[in-house]
Amino acid sequence: MPARETIYARIVDLIGPLNKKAVPLTEDTSFSNDLEMDSLTVMDLVANIEDEWDIVLPLNMLPELETIGQVADAVAKLAK
Amino acid sequence: MIDLLDKFDAIAGERQAYLDAGGRDPVGVVMSKVLSPTRAIINGRETILMGTYNYMGMTFDPDVIAASEAAVRDFGAGTTGSRSLNGTYTSHRECENALRDFYGTKHAMVFSTGYQANLGVVSTLAGRGDYVILDADSHASIYDGCAMGNADIVRFRHNSVEDLDKRLGRLPPEAGKLVILEGVYSMLGDIAPLAEMVAVAKRHGAMILVDEAHAMGFFGDHGRGVTEAAGVEADVDFIIGTFSKSVGTVGGFCVSNHPKFEALRLVCRPYVFTASLPPSVVASSAVSIRKLMHDTAKRARLWDSTRAMHAGLKARGFTLGTTTAESAIIAVIMPDQMTTLAMWQALLEHGVYVNFARPPATPTGTYLLRCSLCAEHTPEQIAEILAQFDAAATAVGLRLPAAA
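All values derive from a computational prediction rather than experimental measurement.

(A) Structural detail: the side chain of Ser 30 of chain A. All names here are of chain A. Mapped onto the elements of the fold, Ser 30 is located in the loop between helix 1 (4-15) and helix 2 (39-53). What makes Ser 30 buried here is its relative accessible area of 6%. Sequence-distant contacts of Ser 30, defined by excluding residues within four places in its chain, comprise Leu 35, Glu 66 and Thr 67.

(B) Quick look at the sheet that holds strand 12 (residues 329-334) of chain B. All names here are of chain B. The four strands lie next to each other as 11-12-15-14, forming an open sheet whose pairing is antiparallel. Every interior strand has two partners, whereas the edge strands, strand 11 (319-320) and strand 14 (355-357), have only one. Pairing geometry for strand 12 and strand 15 (residues 367-372), over six bridges, is antiparallel. Counterpart to Ile 330 in the pairing with strand 15 is Cys 371. Docked against the sheet, helix 13 (residues 337-349) engages strand 12, strand 14 and strand 15, running at close to 30° with respect to strand 15.

(C) Spotlight on the sheet that holds strand 9 (residues 238-242) of chain B. All names here are of chain B. On the basis of which strands lie adjacent, the open sheet formed by seven strands has the order 4-10-9-8-7-5-6 and mixed pairing. Two strands bound the open sheet, and with one partner strand each, they are strand 4 (107-111) and strand 6 (152-156). Across this sheet, the average inter-strand angle for adjacent strands is 20°, counted without regard to direction. Contacts from helix 4 (residues 114-125) reach strand 4, strand 7 (177-182), strand 8 (207-211), strand 9 and strand 10 (252-256), with the element oriented near 155° to strand 9. Contacting strand 5 (131-135), strand 6 and strand 7, helix 6 (residues 161-169) runs over the sheet at an angle of about 150° to strand 6.

(D) Spotlight on the packing of aromatic side chains. All names here are of chain B. In total, this model carries eleven aromatic pairs over all chains according to the counting rule given. Ring geometry for Phe 75 versus Tyr 89: centroids 5.8 Å apart, planes at 35°, classification tilted. Highlighted residues: Phe 75 in helix 2 (residues 62-75) and Tyr 89 in the loop between helix 2 and helix 3 (90-103), separated in sequence by 14 residues. Every member of this aromatic cluster is reached through a ring pair, and the members are Phe 102, Tyr 103, Phe 243 and Phe 253.

(E) Just the interface of chain B and chain A, in detail. Taken together, the contact pairs 17 residues of chain B with 15 residues of chain A. Approximately 1,300 Å² of surface area, both sides summed, lies buried where chain B meets chain A, with 47% of it carried by carbon and sulfur atoms. At the boundary of chain B and chain A, one finds seven salt bridges. Of the charged contacts in the structure, one is a salt bridge between Arg 167 of chain B and Asp 51 of chain A, with a shortest N-O distance of 3.1 Å.

(F) Highlighting the packing of helix 2 of chain B against helix 11 (residues 279-294) of chain B. Residue and element names in this part refer to chain B. In the contact formed by helix 2 and helix 11, the axes pass within 7 Å of each other and the chain directions differ by 150°. Compared by their axis directions, helix 2 and helix 11 come out roughly antiparallel. The crossing of helix 2 and helix 11 is right-handed. Where helix 2 abuts helix 11, its residues Asp 63, Val 64, Ala 67, Ser 68, Ala 71, Val 72 and Phe 75 lie against Pro 279, Ser 280, Ala 283, Ser 284, Val 287, Ser 288 and Lys 291. Residues that form the contact of helix 2 with helix 11 fall into these classes: eight nonpolar, four polar and two charged.

(G) Region of the structure containing helix 7 (residues 194-203) of chain B. Residue and element names in this part refer to chain B. Buried within helix 7 are the following residues: Leu 194, Met 197, Val 198, Val 200 and Ala 201. The buried side chains of helix 7 occupy one side of the element, clustering within an arc of 160° when seen end-on. Those residues of helix 7 hidden inside the fold are in contact with strand 6, helix 6, strand 7, strand 8 and helix 8 (226-229). A positive backbone phi angle near 75° is found at Gly 205, which sits one or two residues after helix 7.

(H) Inspection of helix 5 (residues 140-148) of chain B at higher detail. Among all positions in helix 5 of chain B, only Ser 141, Ile 142, Tyr 143, Gly 145 and Cys 146 of chain B are buried. Looking at the buried positions of helix 5 of chain B, the neighbouring elements they touch are helix 2 of chain A together with helix 4, strand 5, strand 6, strand 7 and strand 8 of chain B.

(I) Broad picture of the pattern of salt bridges. Counted by the stated rule, this structure contains 31 salt bridges over all chains. For Glu 50 of chain A, the salt bridge identified is with Arg 167 of chain B, shortest N-O distance 3.1 Å. One end of the pair, Glu 50 of chain A, is in helix 2; the other, Arg 167 of chain B, is in helix 6, on a second chain. With respect to class, Glu 50 of chain A is no different from Arg 167 of chain B; both count as buried.

Criteria and thresholds
Residues numbered from 1 in each chain as written. Chains lettered and ligands numbered in written order. Predicted model: local features only at pLDDT ≥ 70, side-chain atom pairs only at ≥ 80, totals over all residues. Heavy atoms only, no water. Helix = DSSP H or I, 4+ residues; strand = E, 2+ residues; numbered from the N terminus. Buried < 20%, exposed > 50% of the residue type's maximum accessible area, 1.4 Å probe, protein only. Contact = heavy atoms within 4.5 Å. Pairing = 2+ DSSP bridges. Axes fitted to C-alpha atoms, helices over the stretch in contact; angles between N-to-C directions. Phe/Tyr/Trp six-rings, centres within 6.5 Å; stacked < 30°, edge-to-face > 60°. Buried area = accessible area lost by both parts, 1.4 Å probe. Salt bridge = Lys/Arg side-chain N within 4 Å of Asp/Glu carboxyl O. Parallel < 35°, antiparallel > 145°, perpendicular 65-115°, else oblique. Left-handed = near helix turned anticlockwise from the far one by under 90°. Nonpolar A, V, L, I, M, F, W, Y, C, P; charged D, E, K, R; others polar. Arc of directions from axis to C-beta.

So, in structure tokens, the structure goes:
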């Protein structure tokens, strides 16, 4: 199982190309409020995260994953 | 008190700024008179309609109109009730019989709109512990059906057989799975590689639903859709469709051969808890569906017009959503929102109505003018529309690359 900090770092990498306004990325950075990602961009990111760790991150789970830290926690639970 | 509408200020402000600058509202077009399936009066001007879903031109078919007139006379203006209570008339049964004959299926269930058909079937079929696997570019009604249900929702990249395979492979083998595909995708007018996708879904033990809203009447020898054209009807469990496109009326439906299908009439909330379609609508729909079964000449005319329009726009250097004419929808890709609006308005001022489309209806960053062909468009109308596309591009300063 990959370490939580490794997962967090890689998620930050994946967000990079989608971070058009160069918002500083932290554990508490919010996808909708800080990064202002539209739903389609979020879905692209989700697909990339799923492929990176070979996991399923159902769309209906997303409302509970508002910050980068919360996504890292979820991936850490799901990644084998 | 918090004003709950404040959150829409940004989008309302953007619209108002555009209107204040003299722009016409692309969602506020009013047709004061409809002259035929391809002509209407808009803003006092006779306009060629290139942005309706009247693919087969059935809205003015004399038999369709006669059936509607007779039904409203004999059964009144509305049913005032749900299909489950007082809302089933003989014309509803006749309409479902017409659908069964059209698709060659054992079962057919009519909904009040196509949106409700997807909302109802998707949310009812897949429950807690099941998975819905859908194409990223799925219609809003499919996404909304997912949101209304309790299944886990997994999205795959648009039209990617490989991505579908990969995502299905990650799901628990024992879980219930529903793969949702569309024959024709409404924004770019591209079609799904159904033969490959259905094979992949079957290999993973999934049930398959195909939305044929934009394909009915036009694809396949009998007009049943891309499912028929791809030769996979036997492997598709459910087909969803609408009356508001090729059929030329309004309503939605699901057809299937599943032996337990009729149970949906008892448990599908958008079917149970809404008023049924007026008798005039189901009666005219039934006639239209039966006529579509045999109208190969119309299908051929529509393909001719679609190919002529696609080739004409391509020859003029416009960027299109598909490299060849894949369906009756031709998407003209624009560089940005303001150019799209300017082109849309220039076309309308010169008597051509097309659709203005932007995100979230389109993929991120994609703005387009969507043309929808009708079997009743004449070669002269196609030539006029192409000439007006040229003129509008010049008027708004759209630089076209060298013609393809």
